[in-house]
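Overview (structure and organization)
Residues per chain, in single letters:
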Amino acid sequence: MATTTPIRLAVLLSGSGTTLQNFLDRIADGRLVARIMTVVSNKADAFGLERARKAGISTHVVDRKEAGSLGEFSRRVFASCRDADVDLVCLAGFMTLVEVPDDFLGRVMNIHPALIPAFCGKGYYGHRVHEAVLAYGAKVSGCTVHFADNQYDHGPIILQRTVPVLDDDTADALAARVFEQECDAYPEAIRLFAESRLRIEGRSVRIVP
Ligand code: GAR
């Protein structure tokens, strides 16, 4: 059965916030039943923060260097999420490692613009991912939505969507093709979570009817 109560989200980002904008657009037209309670960034000048402010969403900046340790940085990031009383934390181009505290285990998702476990991990973000796919000569790419753990692009996979890599592809063209899939895949994973249909079993995520 479809949920009608909006799921409460925190969005964590470091850059231009295209995924945040996709959430906002889909919330506005009713395709995503959610409320974004807070947007947290490690970069004070991230354009995604502008998008959030424009949409009337509270924003927080947590500077990685100022925090000192990874533990303190993560504590500050998740304190903002806890204060906003969110159900789910969505990493949306959050380009720095964060440790998931116990009370958020299984409640943090990430999207990666490739088919994990290929072309992922530290250093693989944004355009670099698509450039690496082209340089390797892969014939397919895509996107992966997964639960986050304490390693880059590593936790249990919720869903993946594939796209072809074309002979004359550029990183821009491939990125656009993958992003089109991201725009559907992430809201779909959020919807399944909101409907309590995702069961984590070790490295696998079962989608229950
Ligand atoms: C996400 O859509 C995802 O493709 C990518 O960043 C995009 C958002 O960035 N995430 C990763 O590469 C994570 N490894 P943006 O806010 O700059 O548009």
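Note that the coordinates shown come from a computational prediction; the quantities given were computed from them, not determined experimentally. (Residues numbered from 1 in each chain as written. Predicted model: local features only at pLDDT ≥ 70, side-chain atom pairs only at ≥ 80, totals over all residues. Heavy atoms only, no water.)

Focus: the site of the ligand
Near the ligand, the surroundings consist of 17 residues, among which Ser16, Gly17, Thr18, Thr19 and Glu182 are the closest. The separation between an oxygen atom of the ligand and a polar side-chain atom of Thr18 is 2.4 Å. Surface burial for the ligand is 88%, taken as the share of its 450 Å² of free accessible area covered by protein chains. (Near = heavy atom within 4 Å. Polar contact = N/O pair within 3.5 Å; in protein donor to acceptor, adjacent residues only side chain to side chain. Areas by Shrake-Rupley, 256 points an atom, 1.4 Å probe, with all protein chains shown as cover.)

Concerning the packing of aromatic side chains
Following the criterion strictly, the structure yields five aromatic pairs and no others. Plain terms: the ring middles of Phe73 and Phe94 are 6.2 Å apart, the flat faces sit at 5 degrees to each other, and that makes the pair stacked. A residue pair is termed long-range when its members are at least 10 positions apart, and Phe73 in helix 4 (residues 70–83) and Phe94 in the loop between strand 4 (88–91) and strand 5 (108–112) qualify at 21 residues. This pair shows no difference in class: Phe73 is buried, exactly as Phe94 is. (Phe/Tyr/Trp six-rings, centres within 6.5 Å; stacked < 30°, edge-to-face > 60°. Helix = DSSP H or I, 4+ residues; strand = E, 2+ residues; numbered from the N terminus. Buried < 20%, exposed > 50% of the residue type's maximum accessible area, 1.4 Å probe, protein only.)

Some points on the environment of Leu198
If you trace the backbone, Leu198 turns up in strand 8 (residues 198–201). We classify Leu198 as buried; its relative accessible area is 16%. The spacing of Leu198 and Ile158 is 40 residues in sequence and 7.8 Å in space, taken between C-alpha atoms. Residues within four places of Leu198 in sequence aside, it is in contact with Met109, Phe147, Ile158, Ala189, Leu192, Phe193, Val205, Arg206 and Ile207. (Contact = heavy atoms within 4.5 Å.)

Overview of the state of the cysteines
Throughout the structure, instances matching the rule amount to zero disulfides. Free cysteine: Cys143, not disulfide-bonded; nearest cysteine sulfur from Cys183 at 9.1 Å. A relative accessible area of 0% means that Cys143 is categorised as buried. (Disulfide = S-S within 2.5 Å.)

Things to note about the pattern of salt bridges
Going through the model one piece at a time under the given rule, you end up with eleven salt bridges. The closest approach of N and O atoms between Arg26 and Asp184, which form a salt bridge, is 3.0 Å. Here Arg26 is found in helix 1 (residues 18–28), whereas its partner Asp184 is found in helix 6 (residues 171–194), with 158 residues between them in sequence. Since its relative accessible area comes to 10%, Arg26 is described here as buried. A salt bridge links Glu201 to Arg206; its shortest N-O distance comes to 2.6 Å. Residue classification places Arg206 among the partly exposed residues on the basis of a relative accessible area of 47%. Beyond isolated ion pairs, a larger network of salt bridges with shared partners links Glu188, Arg191, Glu195 and Arg197. (Salt bridge = Lys/Arg side-chain N within 4 Å of Asp/Glu carboxyl O.)

Quick word on the pairing of strand 9 (residues 204–207)
In this sheet, strand 9 lies alongside strand 8 in antiparallel orientation, the contact comprising four bridges. Across the sheet, the residue bridging to Glu201 is Ser204, located in strand 9. The antiparallel pairing of strand 8 with strand 9 creates a hairpin that spans two residues between the two strands, and Gly202 there sits at a positive phi of about 65 degrees. (Pairing = 2+ DSSP bridges.)

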